[in-house]
Each structure stands twice: as structure tokens, then as C-alpha cells.
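Here is how the chains run, residue by residue.
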Amino acid sequence: MAAVDFRDNLLGISWVDSGWVPILNPGNVLDYFSERSNPFYDRTCNNEVVKMQRLSLEHLNQMVGVEYILLHAQEPILYIIRKQQRTSPTQEIPLSDYYIIAGVVYQAPDLGTVISSRALSAVHGIQSAFDEAMSYCRYHPSKGYWWHFKDQEERGEERTRTSDRNR
């Protein structure tokens, strides 16, 4: 199992260049994503080589290394970019996905992160339930354990007041 480098975890940040937002389209979204100030973009990728040599994006298929592709576009608001490692003209390994919503770029969480987050939320809910249950638990050496609910206490007081009025 590979070690996780927390410097590569960019799930908590986003990036936007508001000058591009009104003109974003499938034809220029990769140019937008490759802006210098975008922390998600790797400047050593094959896309930079293609851009510097002024080649078309079809040349990426003939190269080996890290590249970015437009995976999905739902104009005008959603674009999904995939970072992948190309090992041959027909084989690539997905590394991460990024989504652009209304011009704001986010890194999509991987499955492990989603499951970990959901498990942590579930454990927190269970722990809160146990803590609340323990707040009602009482113990005395001569009596043992019992449950002490404030609702029962209030209902008991109401019954006493009712029975006093009926006398």
C-alpha cells in the first residue's frame, strides 16, 4: 500500500479566475485549468509540452506521462477534468478528477476519502448517542444500576399534583 502524502490532498481548497468565468466552454476549459495560479495543475505534464510546441491535443495520445483531459462537459456550468498517467497510446491510469462548477475548480474526493468521511460521521453519531444514554445511567452500591430520566420525574410530579387536587 502506498503512503499518502498529505501535501497532495487539495480537497479543502478551491480556485477561480473570475476573468474566465463568462467565456468558459469545452474548447477553452483546459486552457483555463492550466492557468499559472491554479494549484491543481502540474506544470510538468504532457499538456505543457503540447502547448509549447503548439501541437493539437490529439498528440497527447502518442505521449507517455501525466496529462489532463476534459472528461465531461455540461455547458455552461459543469466541466470535469481528469488527471491521468498515460502508459501507452491505449492505456491510461486515472490519478484524480477535478470539477469546475460556475468557474470554481475543486478536486473531487476519491472513494477512500468519501468512505472515511461517512464512517467518521456515523461513529460520531453513535458516540453522541452513547454519551446521552450514559447521562441517564445512575449507580449506587446498595441499589445497583438504574435509569434516571427527567421526563419520568416531571410526569411523577404531575401525577402527584393531580392526585393532591383530587383529594
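For the structure itself, look to the data block above.
Described below are features of the structure shown in this document. Since the model is a prediction, treat every value here as computed from it, not as a measurement. (Residues numbered from 1 in each chain as written. Predicted model: local features only at pLDDT ≥ 70, side-chain atom pairs only at ≥ 80, totals over all residues. Heavy atoms only, no water.)

## Overview of the nonpolar core
Membership of the largest hydrophobic core comes to 17 residues, with the highest contact counts inside it found for Phe 33, Tyr 68, Ile 81, Ile 100 and Val 105. Within the residue set of this core, elements represented by two or more residues are α1 (29–33), β2 (65–74), β3 (78–88) and β4 (91–101). Residue contributions to this core peak at 4 residues, all from α1. If we ignore the near neighbours within four places in the chain, the residues touching Ile 100 are Leu 24, Val 29, Tyr 32, Phe 33, Ile 77, Leu 78, Tyr 79, Ile 81 and Val 105. (Core = buried A, V, L, I, M, F, W, Y, C linked by side-chain atoms within 4.5 Å. Buried < 20%, exposed > 50% of the residue type's maximum accessible area, 1.4 Å probe, protein only. Helix = DSSP H or I, 4+ residues; strand = E, 2+ residues; numbered from the N terminus. Contact = heavy atoms within 4.5 Å.)

## Observations regarding the sheet that holds β2
Whether parallel or antiparallel, the strands of a sheet pair through hydrogen bonds between backbone atoms. Taken together, the 5 strands give an open sheet; going across it, the order is β1-β5-β4-β3-β2, and neighbouring strands pair in antiparallel fashion. Edge positions in the sheet fall to β1 (14–15) and β2, since each of these pairs with one other strand and no more. Note: β1 against strand β5 (residues 104–107), 2 bridges, orientation antiparallel. Bridge assignment links Ser 14 to a residue of β5, and that residue is Tyr 106. (Pairing = 2+ DSSP bridges.)

## Observations concerning the pairing of β4
When β3 meets β4, the two strands line up antiparallel, connected through 10 bridges. Its bridge partner lying in β4, Gln 84 is registered against Pro 94. Hairpin geometry of β3 and β4 is characterised by an intervening segment of 2 residues between the two adjacent antiparallel strands. As defined by bridge partners, β4 adjoins β5 across 4 bridges and the pair is classed as antiparallel. Pairing of Ile 101 across the sheet is with Val 104, part of β5.

## What to know about the environment of Tyr 98
Relative to the helices and strands, Tyr 98 is located in strand β4. A relative accessible area of 4% means that Tyr 98 is categorised as buried. Ignoring anything within four residues of it in the chain, the contact list for Tyr 98 reads Phe 33, Phe 40, Tyr 68, Tyr 79, Ile 80, Ile 81, Lys 83, Val 105, Tyr 106, Gln 107 and Ala 108.

## What about the pattern of salt bridges?
Oppositely charged side chains can form a pair if their charged atoms are brought close together. Under the definition given, this model contains 4 salt bridges. Note that Arg 82 and Asp 97 form a salt bridge whose closest N and O atoms lie 2.8 Å from each other. Note that Arg 82 is positioned in strand β3 and Asp 97 in strand β4, a separation of 15 residues in sequence. Overall, the relative accessible area of 23% leaves Asp 97 in the partly exposed class. It is possible to trace a salt-bridge network through shared partners that takes in Glu 67, Arg 86 and Glu 92. (Salt bridge = Lys/Arg side-chain N within 4 Å of Asp/Glu carboxyl O.)

## A short note on the layout of surface pockets
In this structure, the second largest pocket encloses a volume near 220 Å³. Taken together, 14 residues form the lining of the second largest pocket, with Leu 30, Asp 31, Asn 47, Lys 51 and Leu 57 sitting closest to its centre. Of all the elements in the fold, those that place two or more residues in the lining of the second largest pocket are α1 and α2 (46–52). No other element matches the 3 residues that α2 contributes to the lining of the second largest pocket. A per-class count over the lining of the second largest pocket returns 7 nonpolar, 4 polar and 3 charged. (1 Å grid on protein atoms, 1.4 Å probe; cavity = no way out; pocket = protein on both sides within 12 Å on 5 of 7 lines; lining within 4 Å. Points joined across faces, edges and corners; volume = space filled by probe spheres on them. Nonpolar A, V, L, I, M, F, W, Y, C, P; charged D, E, K, R; others polar.)

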